[in-house]
Amino acid sequence: SIAHFSTGMHPMWQGPLVAPGGNRQSPIDIRVRKSVFDPHLKPLTPDYDPGTCSQIWNNGYSFLVEYDDTTDKSILKGGPLEDNFRLCQFHFHWGESNAWGSEHTVDRRLFPAELHMVHWNSNKYRRFEEAVMEENGLAVIGVFLKIGKRHEGLQKLVDALPAVRHKDSVVEFTRFDPACLLPANIDDYWTYAGSLTTPPLTEAVTWIIMKQHIEVSHDQLAVFRSLLFTSAEEEVQKSMVNNFRVQQPLRGRTVRSSFT
Ligand SMILES: NS(=O)(=O)c1ccc(C(=O)N2CCN(Cc3ccccc3)C2)cc1
Ligand SMILES: [Zn+2]
């Protein structure tokens, strides 16, 4: 209703439509022909230890697969990054239908879902909570999901999701290798300076968006949609779908590509 909009009420995770004074907000549309090839971009070198995988948590916006980030066992280096970045969690954003769901788009093309692998700069900061407030404290790899063949590696995660159906539920989840969710080719990516796409929307993120998508089956994505935004106590249960932020103005930023 009009009243609803006039009070500027937004679902929590959308936050303000544009962060006050923000000129490097995410997500954005990647205009392929406007991206600039940068020959100095190095290959990305993720090195993850499945032994650091600890749990899955439904935080009421998405479900986070969390990693022990007290040592440099699961790290990301290379690409546009000067420092060592530690993996702390990965999560997804998806739609209620396969027609939309991703946060970033490529020449306006929407994908049914998008994976975010979240890392923080362990050369400069001691913990995630510090890095999230600092310019370039975080590096997030984005991977688009398309509906196709079943993703064998994802199935272990899909089978664990019913245990975290409600907001604030947690389940132990170990020995999951996040590298299995990366596309075969991780040398071709776009990169730009952006922000978190959920509160506190801080402009701390070096985004690295993979050109190649991964495939998951319709049934696997349907299990994501069986999760709930709401906790077990709430009378009205709300399906966890459309948990993506609206796109933000580019504000003159350049998107670089690692490929021609
Ligand atoms: N969609 S995204 O990839 O941009 C992304 C979203 C959320 C997060 C995340 O783990 N947190 C954001 C802040 N939050 C808690 C927090 C911490 C410090 C200060 C305030 C609040 C945790 C990471 C990446
Ligand atoms: Zn995200």
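The structure reproduced in this document is the subject of the present report. From a predicted model like this one, the values you see are computed outputs, not experimental measurements. (Residues numbered from 1 in each chain as written. Chains lettered and ligands numbered in written order. Predicted model: local features only at pLDDT ≥ 70, side-chain atom pairs only at ≥ 80, totals over all residues. Heavy atoms only, no water.)

**Here's the deal with the side chain of asparagine 242**
Turning to step 1, where the next piece is worked out: Within the fold, asparagine 242 resides in the loop between helix H4 (218-224) and strand S15 (256-257).
Turning to step 2, where the next piece is worked out: Side-chain polar atoms of asparagine 242 contact the side chain of glutamate 96, separated by 2.6 Å. (Helix = DSSP H or I, 4+ residues; strand = E, 2+ residues; numbered from the N terminus. Polar contact = N/O pair within 3.5 Å; in protein donor to acceptor, adjacent residues only side chain to side chain.)

**Regarding the nonpolar core**
Turning to step 1, where the next piece is worked out: Grouped together as the largest cluster of nonpolar side chains are 44 residues, with contacts concentrated most on Phe63, Phe90, Phe92, Trp94 and Leu157.
Turning to step 2, where the next piece is worked out: Take this core: its biggest share by element is 5 residues, from strand S7 (residues 85-94).
Turning to step 3, where the next piece is worked out: Core analysis: the second largest hydrophobic core is formed by 22 residues, Phe111, Tyr125, Val132 and Trp190 among them. (Core = buried A, V, L, I, M, F, W, Y, C linked by side-chain atoms within 4.5 Å. Buried < 20%, exposed > 50% of the residue type's maximum accessible area, 1.4 Å probe, protein only.)

**Considerations on the site of ligand 1**
Turning to step 1, where the next piece is worked out: Neighbouring ligand 1 are 14 residues; Gln89, His91, Leu196, Thr197 and Thr198 lie closest to it.
Turning to step 2, where the next piece is worked out: A distance of 3.0 Å separates an oxygen atom of ligand 1 from a polar side-chain atom of glutamine 89.
Turning to step 3, where the next piece is worked out: Between ligand 1 and threonine 197 there is a distance of 2.8 Å, counted from a nitrogen atom to a side-chain nitrogen or oxygen.
Turning to step 4, where the next piece is worked out: For ligand 1, the protein covers 73% of the area, taking 540 Å² as the surface of the free molecule.
Turning to step 5, where the next piece is worked out: If you list the elements that add at least two residues to the shell around ligand 1, you get S7 and strand S9 (113-121).
Turning to step 6, where the next piece is worked out: The biggest single contributor to the shell around ligand 1 is S7, with 3 residues.
Turning to step 7, where the next piece is worked out: The class makeup of the residues in the shell around ligand 1 is 8 nonpolar, 6 polar and no charged. (Near = heavy atom within 4 Å. Areas by Shrake-Rupley, 256 points an atom, 1.4 Å probe, with all protein chains shown as cover. Nonpolar A, V, L, I, M, F, W, Y, C, P; charged D, E, K, R; others polar.)

**A word on helix H3 (residues 152-160)**
Turning to step 1, where the next piece is worked out: Among the residues making up H3, those that are buried are Leu154, Gln155, Leu157, Val158 and Ala160.
Turning to step 2, where the next piece is worked out: Contacts from the buried residues of H3 go to strand S4 (53-58), strand S5 (63-67), S7, strand S11 (170-172), strand S14 (214-216) and H4. (Contact = heavy atoms within 4.5 Å.)

**A look at unusual backbone geometry**
Turning to step 1, where the next piece is worked out: Cis peptide bonds are those with omega within 30 degrees of zero, and the linkage from serine 26 to proline 27 qualifies with 0°.
Turning to step 2, where the next piece is worked out: Along the chain, proline 27 turns up in the loop between helix H1 (2-6) and strand S1 (29-30).
Turning to step 3, where the next piece is worked out: Cis peptide bonds are those with omega within 30 degrees of zero, and the linkage from proline 199 to proline 200 qualifies with 10°.
Turning to step 4, where the next piece is worked out: The phi dihedral of asparagine 242 is positive, around 55°, even though this residue is not glycine.

**Description of the coordination of the zinc ion (ligand 2)**
Turning to step 1, where the next piece is worked out: On the protein side, the zinc ion (ligand 2) has His91 (NE2), His93 (NE2) and His116 (ND1) as donor atoms, found 2.0 Å from it.
Turning to step 2, where the next piece is worked out: Taken together, the 4 donor atoms coordinating the zinc ion (ligand 2) and their angles of 99 to 117° define a geometry best described as tetrahedral.
Turning to step 3, where the next piece is worked out: Donor residues for the zinc ion (ligand 2), ordered by position in the chain, follow H-x1-H-x22-H. You can see histidine 91 sitting in strand S7 and its partner histidine 116 sitting in strand S9, a full 25 residues away along the chain. (Donors = N, O, S within 2.8 Å, 3.2 Å for Na, K, Ca; no water. Tetrahedral: all angles 85-135°; square planar, octahedral: opposite > 155°, others 65-115°.)

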